[in-house]
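# A look at the structure
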Amino acid sequence: MSRESDQRIDDILRAINRCQRYVRRLDNHDIDLVLMAEDAIERNLQIIGEAANHLSAGITDAHPEIAWPQIRGFRNILVHQYFGVEADIVRDVVKTHLPPLAEALSQHQRGPESNSEV
């Protein structure tokens, strides 16, 4: 089943939201909760990378401030080199790199008129 770019953007934004919610659980003292949060975050980062891989060039070219190749590459690391993924790196990705991605895609959804000053 093929998905349109607007659906993929929605997938990415939903996955970002989930990552941001789950990252708060990484500081919990319950190890099972921490492990579940890590698993959930990694799964959603995989979704982000896969959906980003299928966005049109028009969307990715419109947002050169986003490191699209690194997003795709991180997905591949999570899937194929899962044994080398460090929790601190995952936490940094969620806290540092996902907010600008969410802002760029939300802005894209709002359209070019949202960039103009009133």
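Residues numbered from 1 in each chain as written. Predicted model: local features only at pLDDT ≥ 70, side-chain atom pairs only at ≥ 80, totals over all residues. Heavy atoms only, no water.

The name given to the protein in an unreviewed UniProt entry is DUF86 domain-containing protein, with the source organism recorded as Dietzia cercidiphylli.

## Quick notes on the packing of helix H1 (residues 5-22) against helix H5 (residues 87-110)
The N-to-C vectors of H1 and H5 enclose an angle of 145 degrees; their axes lie 10 Å apart at closest approach. Crossing hand, H1 versus H5: left-handed. Contacts between H1 and H5 pair Asp6, Ile9, Asp10, Ile12, Leu13, Ile16, Cys19 and Gln20 from the former with Val94, Leu98, Pro99, Leu101, Ala102, Leu105, Ser106, His108 and Gln109 from the latter. Tallied by class, residues from the contact of H1 with H5 come to eleven nonpolar, four polar and two charged. (Axes fitted to C-alpha atoms, helices over the stretch in contact; angles between N-to-C directions. Helix = DSSP H or I, 4+ residues; strand = E, 2+ residues; numbered from the N terminus. Left-handed = near helix turned anticlockwise from the far one by under 90°. Contact = heavy atoms within 4.5 Å. Nonpolar A, V, L, I, M, F, W, Y, C, P; charged D, E, K, R; others polar.)

## Some details on the layout of surface pockets
One number sums up the size of the largest pocket: a volume of about 310 Å³. Taken together, 15 residues make up the lining of the largest pocket; nearest its centre are Ala67, Gln70, Ile71, Val93 and His97. Considering every element that reaches the lining of the largest pocket, the biggest residue donor is H5, with five residues. Tallied by class, the residues present in the lining of the largest pocket amount to ten nonpolar, three polar and two charged. (1 Å grid on protein atoms, 1.4 Å probe; cavity = no way out; pocket = protein on both sides within 12 Å on 5 of 7 lines; lining within 4 Å. Points joined across faces, edges and corners; volume = space filled by probe spheres on them.)

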